[in-house]
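Chain and residue survey
One-letter residues, chain by chain:
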Amino acid sequence: MNDVPRPTPVHHLTPGRWPTIIFLPGYASDMTGAKALAIEVWAKARGRACLRFDYGGCGESPGDFADQRLADWRDDVVAMIDLVAGPVVLVGSSMGGWLMLLAALARPERVAALVGIAAAPDFTDWGFTTDEKMVILSEGRLERPNAYGSAPTLYTRAFWASGEAHRLMAGMIAINVPVRLIHGMLDPDVPYLRSVRLAELIRSADVQTLLVKDGDHRLSRDRDIALILRTIEELVA
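In this text the structure is predicted, and so the values were computed from the model without any measurement. (Residues numbered from 1 in each chain as written. Predicted model: local features only at pLDDT ≥ 70, side-chain atom pairs only at ≥ 80, totals over all residues. Heavy atoms only, no water.)

**Looking at the overall build of the protein**
Each helix and strand counted, the protein has eight helices and nine strands in total. Here the C-alpha atoms of the protein give a radius of gyration of 17 Å, agreeing with the 18 Å that 2.2 N^0.38 yields for 237 residues. Its C-alpha atoms give the protein principal-axis dimensions of roughly 50 × 40 × 35 Å. Going through the 237 residues of the protein one by one, you find that 52% of them count as buried. When contacts within the protein are restricted to residue pairs at least 6 apart in sequence, those whose partners lie at least 24 apart make up 73%. Of the roughly 10800 Å² of accessible surface on the protein, a fraction of 53% belongs to carbon and sulfur atoms. Here the protein contributes 25 positively and 29 negatively charged side chains, and the mean placements of these two sets differ by 5 Å. (Helix = DSSP H or I, 4+ residues; strand = E, 2+ residues; numbered from the N terminus. Rg over C-alpha atoms; globule rule 2.2 N^0.38 Å. Buried < 20%, exposed > 50% of the residue type's maximum accessible area, 1.4 Å probe, protein only. Contact = heavy atoms within 4.5 Å. Areas by Shrake-Rupley, 256 points an atom, 1.4 Å probe, with all protein chains shown as cover. Lys, Arg positive; Asp, Glu negative; His and termini not counted. Charge placed at Lys NZ, Arg CZ, Asp CG, Glu CD.)

Written out as structure tokens, the structure is:
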């Protein structure tokens, strides 16, 4: 058993009024994306606390990306919640939408609301073909072409197994706070019906699914970001 404490993720905290807005990036992404930076600018302009960070092995945070598991990144999110005082609103993009659910279950007394952007819980189950799963299991790793960068995207057996162990969508998800799920209907990576199903499974009665008919997976256009910011503002008002 490894008892070495996990390093604290590199993060940028903007002090201000609660609840603190914490942005959770997607898989192999970091805290310098358009959505994370736009949320920080919005928060600063309103005197609102905001935190963005990099998971272990991503961006500026220490660690080898190939060694990371989904549970490790869930622990990073929980560490960021514990770093700040007061209630938090988690804004999770793609895989970050999976992590926000896991973190909300781990810290129910701290999480005031959730905003999922093309949330992708359980993607280790539905996001790979049978052949790809066999490659991961037999070879320990899979590399896919990356539509958003030049380097291929790496998936490891350890990450995949951790994802399978933390699947959520087999039954009701015991989350009782307001939840907003924003999803592009032209998303080629995460089908928007995943968010529709997720809304059904979350126990809270205050769940809304916002579909962007011409929206893609990233939802990083100016009008997409404006929708995300309006959604956050309504939740923290």
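Picking up after the structure, the text goes on.
**Examining the nonpolar core**
The biggest cluster of nonpolar side chains holds 49 residues, and the ones touching the most others in it are Leu90, Leu114 and Phe123. At eight residues, the largest contribution of residues to this core is made by helix 3 (residues 95-106). Beyond its immediate sequence surroundings of up to four residues, Phe123 is in contact with Tyr27, Met95, Trp98, Phe128, Tyr155 and Phe159. Counting residues in each nonpolar core, the second largest holds 23 residues, with Ala38, Val89, Ala113 and Val115 among its members. (Core = buried A, V, L, I, M, F, W, Y, C linked by side-chain atoms within 4.5 Å.)

**Points about the side chain of Thr124**
As for its position among the elements, Thr124 is in helix 4 (residues 123-126). In terms of polar contacts, Thr124 uses its side chain to reach the side chain of Glu164, at 2.9 Å. Residue contacts for Thr124: discarding those within four places in its chain leaves Trp98, Lys133, Phe159, Trp160, Gly163 and Glu164. (Polar contact = N/O pair within 3.5 Å; in protein donor to acceptor, adjacent residues only side chain to side chain.)

**Considerations on the packing of aromatic side chains**
To describe a pair of aromatic rings, one takes the distance between the centres and the angle between the planes. Enumeration according to the criterion identifies 13 aromatic pairs in this entry. A centroid spacing of 4.7 Å and a plane angle of 15° characterise the contact between Tyr27 and Tyr155, whose relative ring orientation is stacked. Taken as a pair, Tyr27 in the loop between strand 2 (17-24) and helix 1 (34-45) and Tyr155 in strand 7 (residues 153-156) lie far apart in primary sequence, 128 residues in all. A relative accessible area of 10% places Tyr155 in the buried class. Geometrically, the ring pair formed by Phe53 and Tyr55 is edge-to-face, given 5.4 Å between the ring centres and 85° between the ring planes. When sorted by exposure, Phe53 lands in the same class as Tyr55, which is buried. Aromatic ring contacts, followed pair by pair, group Tyr27, Phe53, Tyr55, Phe65, Trp73, Trp98, Phe123, Phe128, Tyr155 and Phe159 into a single cluster. (Phe/Tyr/Trp six-rings, centres within 6.5 Å; stacked < 30°, edge-to-face > 60°.)

**Notes on the environment of His217**
For His217, the position within the fold is in the loop between strand 9 (207-212) and helix 8 (222-236). Leave out the neighbours within four places in its chain, and His217 touches Ser94, Ala118, Tyr148, Asp187, Pro188, Asp189 and Val190. Of note is the side chain of His217, whose polar atom sits 3.0 Å from the side chain of Ser94.

**Digging into helix 5 (residues 130-139)**
Residues Glu132, Lys133 and Ile136 constitute the buried set of helix 5. Seen end-on, helix 5 carries its buried residues on one side only, within an arc spanning 100°. Of the exposed residues in helix 5, the ones pointing more than 90 degrees away from its buried face are Thr130, Asp131, Ser138 and Glu139. For helix 5, the secondary structure elements touched by its buried residues are helix 4, strand 6 (141-144), strand 7 and helix 6 (157-165). At the exit of helix 5 stands Gly140, carrying a positive phi of roughly 85°. (Arc of directions from axis to C-beta.)

**Details of helix 2 (residues 70-83)**
Here helix 2 is 14 residues long and its end C-alpha atoms lie 20 Å apart, about the 20 Å a rise of 1.5 Å per residue gives. Of all the 14 residues making up helix 2, 10 are buried; the element is thus mostly covered by neighbouring parts of the structure. (Expected span 1.5 Å × (residues − 1).)

**Regarding the sheet that holds strand 1 (residues 11-14)**
Pairing is mixed across the open sheet formed by seven strands, whose spatial order is 1-3-2-4-5-8-9. In this open sheet, the two edge strands, each paired with only one partner strand, are strand 1 and strand 9. Each neighbouring strand pair of the sheet contributes to a mean axis angle of 15°, computed without reference to strand direction. Looking at chain direction, strand 4 (residues 88-93) and strand 5 (residues 111-117) are connected through six bridges and run parallel. Residue pairing for strand 5: Leu90 is matched across the bridge by Leu114. Across the face of the sheet, helix 8 comes into contact with strand 2, strand 3 (48-53), strand 4, strand 5, strand 8 (179-184) and strand 9 while running at roughly 165° to strand 5. (Pairing = 2+ DSSP bridges. Axes fitted to C-alpha atoms, helices over the stretch in contact; angles between N-to-C directions.)

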